[in-house]
Amino acid sequence: MSVRELDFNSCYRAVVARDARFDGRFYTAVTSTNIYCRPICPARTPASRNVRFYRHAASAEAAGFRPCKRCRPELSPGDPGWDHRGDLIGRALRLIDEGAADDGGVARLARRLHITERHLHRLFTTEIGVGPLAVVKTKRLLLAKQLLTETRLPITDVAFASGFGSVRQFNATMKETYGFTPGELRATAGSAAAHDSLTLRLHLREPYDAETLMGFLRARAIPGLEHVDETAYSRAVPGGAITLTPASGYVQLDVCLADTRHLARVVARCRRLLDLDADPEAISRALGETSLGPLVAARPGLRVPGAWDGFEVAVRAVVGQQISVAGARTILGRIVSRAGRRTGADGLTHLFPTAEELMEADLSELGMTGRRVATLKALAGKVAGGEIDLDGAQEPGQTVARLLEVPGIGPWTASYVALRALRDPDAWPEGDLVLRRTMACLGIPDSHIEQWRPWRAYAALHLWSSQ
């Protein structure tokens, strides 16, 4: 949906109804107050003559509106339209969320996408109404606003955690854009609860089937890297560790980081891992009218487990070829123990190896065939060399095509990577034996697979989860 495609009457009806289905899809700006809000804002509904609608928070801020302190736009779940788009604008927005523009600016972002800055700016102004720099600024400010409101992190640390280059820049930008300084916002926000770690709430659209998602991750948790129980997911990350605990309407993120400048990337990857920006109502409506109807009714909030790191998922997929989940987990634990960097922490002792580290590692005597080891080495070489980008910069179809060029990677492996790492909602694991067996037991013919587009990834999860 481009900036020109917002329908005023439809948006206004959603605001009047405070319809949570539209939260994160657009923002309501009120000309009489110069404030912009979420569609679910509890404040009195403004008169239609005083309302403007914007597709992105950055567009509202560029037009001179400030975020509402009651509904707090920084807490909106991500727009599922952007989350699932594989085109340039969708990939650019996901890279911005991960902080790709914080170090090298928009120029670095454009290079990651292999386009010019001018073309990137033209795409943003057409789709969103503002350039990428405005989106970067708004992302930083909204994360800073959440940190100032919900945590006791010192203002200096908030500035760098949000992506600002200096405290002076942070103070000036917030004052100019919002009309108040970081110190003034913290003074009016009240005291946050005390925590040993940094704690944030990651909001989502309900229903959310956390139990099934946690069960999926628990069965595949790599020893030394991850720990998953009935209530939470923990893992080692560069510079620290995270814990994700699902609650009602949000997931609590507890972060221990040596350097908070990586916080934006951590938040983005956690949202991607737990599929927090999905639209369960749209998915259930589409799949519920097919032969999957009973499965969808049983799990209306089912999510597709994403990826903390795209290369990690690709390695998992290669190792998991033609062996059990438990067997793959054991081998992956050996790989992490041998090739991953030690963290020094109790329980979460290692990081997953990077492509460069895996290239250099001795993978013999870990329970893999020589052919499987060769596939992992070839994959690592292409990722390290930039031929394959598994973290969102490359067009998904191109990524899949390049994966299929790696000896030992076939359609199932490439589709599994697309499903979990590339966030392709229509990815279908070709030739998956469990899917075929489940469909046969349920009396679902292969011809129905086409009926599940564009949500075949979610169809696969419904079938896997029914076992």
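See the structure printed just above.
The written sequence of each chain sets the order in which its residues are numbered from 1. Predicted model: local features are reported for residues with pLDDT of at least 70 only, side-chain atom pairs are reported and counted for 80 or more only, and whole-chain, interface and lining totals are derived from all residues. Side-chain calculation: all heavy atoms of the structure are included, whereas hydrogens and water are not.

**Q** Could you give an account of the overall build of the protein chain, naming the residues involved and the relevant values?
**A** Each helix is a run of DSSP H or I of at least 4 residues and each strand a run of E of at least 2, with the numbering of both proceeding from the N terminus. From N to C terminus, the protein chain includes 22 helices and 9 strands. Both definitions apply: the radius of gyration is a C-alpha atom measure, and the globule rule equals 2.2 Å times residues to the power 0.38. For 467 residues, the compact-globule estimate of 2.2 N^0.38 gives 23 Å, and the protein chain sits close to it at 22 Å. With respect to the principal axes defined by its C-alpha atoms, the protein chain has extents near 65 × 50 × 45 Å. Think of it in three bands: residues with accessible area under 20% of the maximum for their type are buried, residues over 50% are exposed, and the middle band is partly exposed, with areas taken using a 1.4 Å probe on protein chains only. Relative to its full complement of 467 residues, the protein chain shows a buried share of 56%.

**Q** Hey, could you go over the sheet that holds strand S7 (residues 233–237) for me, with residue numbers and the actual values?
**A** Spatially, S5-S9-S8-S7-S6 is the arrangement adopted by the 5 strands of the open sheet, whose pairing is antiparallel. Only two strands of the sheet have a single partner each, and these edge strands are strand S5 (198–203) and strand S6 (226–228). Across this sheet, the average inter-strand angle for adjacent strands is 20 degrees, counted without regard to direction. In this sheet, strand S9 (residues 250–257) lies alongside S5 in antiparallel orientation, the contact comprising 6 bridges. Pairing between two strands is assigned when DSSP locates at least 2 bridges connecting them. Angles run from 0 to 180 degrees between N-to-C directions of axes, and those axes are lines fitted to C-alpha atoms, restricted for helices to the stretch in contact.

**Q** Any chance you could break down the nonpolar core for me, citing the residues and the numbers?
**A** Throughout this description, the term nonpolar core refers to a set of buried Ala, Val, Leu, Ile, Met, Phe, Trp, Tyr and Cys residues connected via side-chain atoms within 4.5 Å. Core analysis: the biggest nonpolar cluster contains 115 residues, and Leu-244, Phe-311, Leu-379 and Trp-452 have the highest contact counts within it. For this analysis, residues touch if any pair of their heavy atoms sits within 4.5 Å. Beyond its immediate sequence surroundings of up to four residues, Phe-311 is in contact with Phe-352, Pro-353, Thr-354, Ala-355, Leu-358, Leu-379, Ala-380, Val-383 and Leu-390. Counting 21 residues, the second-largest nonpolar core is a separate cluster that includes Ile-89, Leu-93, Leu-109 and Ile-128.

**Q** So what about the side chain of Thr-199? Which residues, and what values?
**A** Residue placement: Thr-199 occurs in strand S5. In terms of polar contacts, Thr-199 uses its side chain to reach the side chain of Asp-254, at 2.6 Å. Excluding residues within four positions of it along the chain, Thr-199 makes contact with Glu-150, Thr-151, Gln-252, Leu-253 and Asp-254. Each polar contact in these results corresponds to two N or O atoms within 3.5 Å; when the atoms are within protein, one needs to be able to donate a hydrogen and the other to accept it, and residues that are neighboring in sequence are counted only if both atoms are side-chain atoms.

**Q** Can you break down the environment of Val-304 residue by residue, with the values?
**A** Positionally, Val-304 belongs in the loop between helix H14 (293–298) and helix H15 (310–319). Along the sequence, Val-304 and Tyr-458 sit 154 residues apart, while their C-alpha atoms lie 6.2 Å from each other. What Val-304 contacts, discounting residues up to four positions off in sequence, is Leu-273, Asp-275, Leu-419, Arg-423, Ala-457, Tyr-458 and Leu-461.

**Q** Tell me about the packing of aromatic side chains, residues and numbers included.
**A** Two rings from Phe, Tyr or Trp (for Trp, the six-membered ring) form a pair when their centres are within 6.5 Å of each other. A pair whose planes differ by under 30 degrees is stacked, one over 60 is edge-to-face, and the rest are tilted. Evaluation of the coordinates by the stated rule reveals 12 aromatic pairs. Taking 5.4 Å as the distance between ring centres and 90 degrees as the angle between the ring planes, the aromatic pair formed by Phe-26 and Phe-53 counts as edge-to-face. Taken together, the residues Phe-26 in the loop between helix H1 (8–17) and strand S1 (27–30) and Phe-53 in strand S3 (residues 51–54) connect sequence positions 27 residues apart. Residue classification places Phe-26 among the buried positions, given a relative accessible area of 2%. Using a relative accessible area of 14% as the deciding quantity, one classes Phe-53 as buried. Summarising the aromatic geometry, the rings of Trp-412 and Tyr-416 are spaced 5.3 Å apart at their centres and angled 15 degrees between planes, so their arrangement reads as stacked. Placement of both Trp-412 and Tyr-416 in helix H20 (residues 411–420) is noted, with a separation of 4 residues, approximately one turn of the helix. Judged by its relative accessible area of 8%, Tyr-416 is buried. Every member of this aromatic cluster is reached through a ring pair, and the members are Phe-8, Tyr-12, Phe-22, Phe-26 and Phe-53. In this scheme, Lys NZ or Arg CZ marks a charge over a ring once it lies within 6 Å of the ring centre and within 35 degrees of the ring normal. The residue whose ring lies beneath Arg-220 is Phe-216, and the NZ or CZ to ring-centre distance is 3.6 Å.

**Q** Please set out the side chain of His-462 residue by residue, giving values where relevant.
**A** Its location among the elements puts His-462 in helix H22 (residues 456–465). His-462 gets classed as buried once you look at its relative accessible area, which sits at 5%. Filtering out sequence-adjacent residues up to four positions away, His-462 remains in contact with Leu-287, Leu-295, Val-296, Arg-299 and Leu-302.

**Q** With reference to specific residues and values, describe the sheet that holds strand S2 (residues 35–37).
**A** Spatially, the 4 strands line up as an open sheet ordered S3-S1-S2-S4, and their pairing is mixed. In this open sheet, the two strands that pair with only one neighbour each are S3 and strand S4 (66–67). Summarising the sheet, S1 and S2 pair through 3 bridges and their orientation is antiparallel. Among the inter-strand pairings, Thr-28 is bridged to a residue of S2, identified as Cys-37.

**Q** How would you explain the packing of helix H5 (residues 100–113) against helix H7 (residues 132–150) if you had to name every residue and give the values?
**A** Two elements in contact, H5 and H7, have axes whose closest approach is 11 Å; the angle formed by their N-to-C orientations is 165 degrees. Put simply, H5 runs roughly antiparallel to H7. For H5 against H7, the interelement crossing comes out left-handed. From H5, Ala-101, Asp-102 and Val-106 reach across to H7, where they touch Pro-132, Leu-133, Val-136, Lys-139 and Arg-140. Here the residues of the contact of H5 with H7 are counted per class, giving 5 nonpolar, no polar and 3 charged. The scheme is simple: roughly parallel for angles under 35 degrees, roughly antiparallel for over 145, roughly perpendicular for 65 to 115, oblique for anything else. Crossings are sorted by hand: turned counterclockwise from the far helix by less than a right angle, the near helix makes the crossing left-handed, and turned clockwise it makes it right-handed. Polarity classes work like this: nonpolar for Ala, Val, Leu, Ile, Met, Phe, Trp, Tyr, Cys and Pro, charged for Asp, Glu, Lys and Arg, and polar for all others, with Gly in that last group.

**Q** Please give an account of the pairing of S7 that cites residues and values.
**A** The element S7 is largely enclosed, with a buried count of 5 among its 5 residues. Residues Tyr-233, Arg-235 and Val-237 of S7 are buried on one face, and the alternating residues Ser-234 and Ala-236, pointing to the opposite face, are buried as well. Direction of pairing for S6 relative to S7: antiparallel, over a ladder of 3 bridges. Opposite Glu-226, over in S7, you have Arg-235 as the bridge partner. Where S6 folds back on S7, the antiparallel hairpin that results is connected by 4 residues.

This is a description of form; function is not addressed.
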